[in-house]
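# Architecture at a glance
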Amino acid sequence: MEQIMKSQTDSNKFQKALLEWYQKNKREMPWRSKPTPYRIWLSEIMLQQTRVDTVIPYFEKFFKHIPTIIDLARTSDQDLLKLWEGLGYYRRVINMKKAAIHLVENNNGKLYDNKKDLLTLAGIGEYSAGAIASIAFQEKVCAVDGNVLRIMARLYGDYGNILQPTVSKRFTDMVEKLLPDSSIGDFNQALMELGALICTPKSPDCIHCPVMNFCIAEKSMLQNELPVRDKQGVRRKEDKTVLIIQFKNRFAITKRENRLLEGLWEFPVMDGHHDKDEVIETIEKWGMKVLSIAAVKKEKALFSHIEWDMAGFHIMVNNKCDGMTFEAADKIVDEYPIASAYQKYISELL
DNA sequence: AAATCGGGGAA
DNA sequence: TTCCCAGATTT
C-alpha cells in the first residue's frame with residue numbers, strides 16, 4: 001500500500017494547500033458572516049443530514065424569530081416546530097430547546113465553550129460538539145461528517161465501510177493527526193467544503209482538487225469505488241386513509257403523538273385503505289353525522305425508511321366531535337406545523 | 001450493531 | 001428510480 005503524509009512536512013503542505021483553496025472558494029453562508037456561538041450551534045443542528053442550500057432560508061427565518069438562547073428556551077414547542085416545518089428530523093429543535101433551558105438554568109444562558117461540555121447537551125453528538133468547539137471557540141478538535149469520511153477513504157485508499165462505527169473511529173483518528181495548530185475551525189470547514197464542492201460522492205472534480213497530490217484514490221483511479229458504505233434498506237409500505245373532515249368552514253386536525261413527526265399536526269387518519277361505507281361508519285362512530293363524502297386524489301409520501309400510500313376523502317359533517325381540533329384553513333396553514341406528507345392535502349382546503 | 005428519525009436535490 | 005446529505009438517539 002502506497003503511503004502519503006507520513007511526515008510532518010507533508011501534513012503541513014496538505015494543511016496549507018487546503019486552507020488556501022478554502023479562502024478562495026468558500027461559499028457565503030449567513031452563519032459564516034456573523035459566527036456567534038448561538039448561530040454556529042443553530043447552523044450545525046440544522047445541517048445534520050441536511051444540505052447547506054436547504055438550510056440557509058430556514059436559518060435566516062429561525063434566527064430572525066429566535067435571536068438568542070433565552071428566546072429559544074421560552075418559545076413553545078409548537079412555534080418552534082412551525083419554524084422547522086419542512087426541514088425534517090423535528091426532534092432536533094425540541095432537543096435544542098431542552099439544551100437551551102439547561103443553559104439558561106446552569107450557564108447564564110450562554111453556550112458551553114468546549115467540546116466536553118457541549119457533548120452533555122441534548123442533540124449534540126461527537127460531530128456537532130467538535131464542529132461547534134472548533135468553529136466558534138477555536139478548540140483543537142476535529143469535526144468528522146460524511147464529507148470528511150469520504151475524503152479520508154479516498155485520500156488513503158481505505159476500503160473500510162464508513163457506516164461502521166469502528167471504521168468511522170479509525171478515520172477520525174486519521175483526521176486528528178492532520179489538524180493544524182491554528183485555524184482549526186477553518187480547517188474543519190475546509191475539509192467539509194472540499195467534500196461538498198470537489199470531492200463529491202459521484203464524479204469528483206479531481207482535476208481542480210487542491211490536494212490531489214496527496215490522494216491515493218486519484219493516483220489509482222479509485223474515486224468511483226470509494227468510499228465503501230452499506231446500501232440503504234428497502235422502505236416498508238404503509239397504507240393510510242386521510243380524512244379531510246369539514247364542518248362549515250373549519251377542518252379537523254389532530255396532533256401526532258408517534259415518534260415519527262411527533263408534535264406536528266395532521267388530518268385524522270385511518271390505518272389501511274377503506275371505501276366510502278367504511279369511512280362513513282368510522283366518522284359516525286366518532287360522533288359526527290356525515291352530510292357528504294367524496295374521494296380526493298391519492299398521494300405518496302417517502303421517508304428514508306417508510307413509504308406512505310395515502311388515499312383520501314373529503315367529508316362534510318354537520319357537527320364537531322371531541323378529540324380533534326377544528327380550525328379555518330388559513331389558520332391551519334399559518335399557525336400549525338404540518339408535515340410535508342400532508343401539505344398535498346392542504347390544497348383540498350383552499 | 002441496527003433501527004429510527006424527513007425531506008429534497010441531483011444523477 | 002437511487003443515493004446521500006456539516007448525525008443523534010434509541011433499541
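Throughout what follows, the structure given in this document is the object of discussion.

Rules and cut-offs
Residues numbered from 1 in each chain as written. Chains lettered and ligands numbered in written order. Predicted model: local features only at pLDDT ≥ 70, side-chain atom pairs only at ≥ 80, totals over all residues. Helix = DSSP H or I, 4+ residues; strand = E, 2+ residues; numbered from the N terminus. Buried ≥ 20, exposed ≤ 12 C-beta atoms within 10 Å, placed from the backbone. Contact = placed C-beta atoms within 7 Å. Axes fitted to C-alpha atoms, helices over the stretch in contact; angles between N-to-C directions. Parallel < 35°, antiparallel > 145°, perpendicular 65-115°, else oblique. Left-handed = near helix turned anticlockwise from the far one by under 90°. Nonpolar A, V, L, I, M, F, W, Y, C, P; charged D, E, K, R; others polar. Near = placed C-beta within 6 Å. Expected span 1.5 Å × (residues − 1). Core = buried A, V, L, I, M, F, W, Y, C linked by C-beta atoms within 7 Å. Domains from an automatic or database assignment.

### Examining the overall build of chain A
A count of helices and strands for chain A gives 16 helices and 7 strands. Its C-alpha atoms put chain A at 80 × 50 × 35 Å along the principal axes. Burial analysis of chain A (350 residues in total) assigns 32% to the buried set. Looking at chain A alone, contacts between residues at least 24 apart form 67% of all its contacts between residues at least 6 apart.

### Quick word on the packing of helix α3 (residues 37-46) against helix α4 (residues 52-65)
Where α3 meets α4, the axes come as close as 10 Å, and the angle between the chain directions of the two elements is 140°. By the angle between their axes, α3 is oblique relative to α4. Between α3 and α4 the crossing geometry is right-handed. Residue-level inspection shows R39, L42, S43 and M46 of α3 in contact with α4, the latter providing V55, Y58, F59, F62 and F63. Looking at the contact of α3 with α4, its residues break down into 7 nonpolar, 1 polar and 1 charged.

### Structural notes on the protein's contact with DNA strand C
The local shell around DNA strand C holds 32 residues, among which L47, G125, S128, D145 and G146 are the closest. Every element with two or more residues in the surface near DNA strand C is listed here: α9 (126-137), α10 (146-155) and α12 (184-197). Among the elements that take part in the surface near DNA strand C, α12 stands out by supplying 5 residues, more than any other. Residues that form the surface near DNA strand C fall into these classes: 11 nonpolar, 13 polar and 8 charged.

### Concerning helix α7 (residues 91-106)
Compared with the 22 Å implied by 1.5 Å per residue over 16 residues, the 22 Å span of α7 between its first and last C-alpha is a close match. Buried-residue contacts for α7 involve α3, α5 (69-74) and α6 (77-84). Where α7 ends, the next residue or the one after it, N108, has phi of about 60°, a positive value.

### With respect to the nonpolar core
Grouped together as the largest cluster of nonpolar side chains are 89 residues, with contacts concentrated most on I132, M152 and I244. Counting only domains with at least three residues in this core, you end up with domain 1 (8-220) and domain 2 (236-346). Those residues in contact with I244 that sit more than four places away from it in its chain are F251, F267, V296, G312, F313, H314, I315, Y345 and E348.

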